[in-house]
Amino acid sequence: MIQARADDYAQFAVARAGHLYRSACLLTAGDTHLAEDLVQETLGRLYVRWARVSRTENPAGYAQTVLTRTFLAHQRRRSSTERATDVLPEHAAEGGPGDVPLRLTLLQALAGLPVKDRAVVVLRYWEDRSVEETADVLNSSSAAVRTRCTRALGRLRALLGEDLGEYATS
């Protein structure tokens, strides 16, 4: 029984880790090291509660909620602003899909948003969650989520301009 539960958790973790990591990268505005830490902490929290989590209707959604709340809790800590270095070497993405300058510009714009606004944008537009689902994850009202979405998108437009096409060709 215990081994079966451990195997079930291991399959879930392998299947969801990539998606959790991509979401964490967006939440952290491209800080891959912090994203890895958040995913590891999320998977650890899920493992402790796996007997209950595995019986939920949507364990993947539960995992995304844990990831988002872990990120928000991390941002509230004073130590969350500490960085080992602020200069990282530039490496070209080899064979990766997408437009690197556009991706970097978007990550930089996301980093310019307040933490909760960034969480709302990631949940609503990356995770494609409804306003109600996003409100549930963030423990806030639907009206607050709609307001944050409007303000966050306005800030992104101010940072990026109305047309992203200029970034795609740089």
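Data block above holds the structure.
Residues numbered from 1 in each chain as written. Predicted model: local features only at pLDDT ≥ 70, side-chain atom pairs only at ≥ 80, totals over all residues. Heavy atoms only, no water.

(A) Summary view of the side chain of Thr28. Tracing the backbone shows Thr28 in the loop between α1 (2–27) and α2 (32–48). Not counting residues up to four positions away in its chain, the partners in contact with Thr28 are Leu34, Ala35, Leu38, Phe71 and Arg118. (Helix = DSSP H or I, 4+ residues; strand = E, 2+ residues; numbered from the N terminus. Contact = heavy atoms within 4.5 Å.)

(B) Just a positive patch on the surface, in detail. Together, Arg5, Arg49, Arg52 and Arg55 make up a region of like positive charge exposed at the surface. Tracing the sequence through the fold places Arg49 in the loop between α2 and α3 (50–53). (Patch = residues over 30% accessible without salt bridge, like charges linked within 9 Å, V, L, I, M, F, W, Y side chains within 5 Å. Areas by Shrake-Rupley, 256 points an atom, 1.4 Å probe, with all protein chains shown as cover. Salt bridge = Lys/Arg side-chain N within 4 Å of Asp/Glu carboxyl O. Lys, Arg positive; Asp, Glu negative; His and termini not counted. Charge placed at Lys NZ, Arg CZ, Asp CG, Glu CD.)

(C) The arrangement of the packing of aromatic side chains in detail. This structure, assessed with the given rule, holds three aromatic pairs. Note on Tyr9 and Tyr47: the rings are 5.0 Å apart at their centroids and 70° apart in plane angle, and the pair reads as edge-to-face. Separated by 38 residues along the polypeptide, Tyr9 in helix α1 and Tyr47 in helix α2 bring together distant segments of the chain. Relative to Trp50, the ring of Tyr9 lies with its centre 5.5 Å away and its plane at 75°, an arrangement referred to as edge-to-face. Of the two residues, Tyr9 sits in helix α1 while Trp50 sits in helix α3, which places them 41 residues apart along the sequence. Ring pairing ties together the aromatic residues Tyr9, Phe12, Tyr47 and Trp50, which thus form one cluster. Across the ring face of Tyr125, the terminal group of Arg124 is positioned such that the distance to the ring centre comes to 5.5 Å. (Phe/Tyr/Trp six-rings, centres within 6.5 Å; stacked < 30°, edge-to-face > 60°. Lys NZ or Arg CZ within 6 Å of the ring centre and 35° of its normal.)

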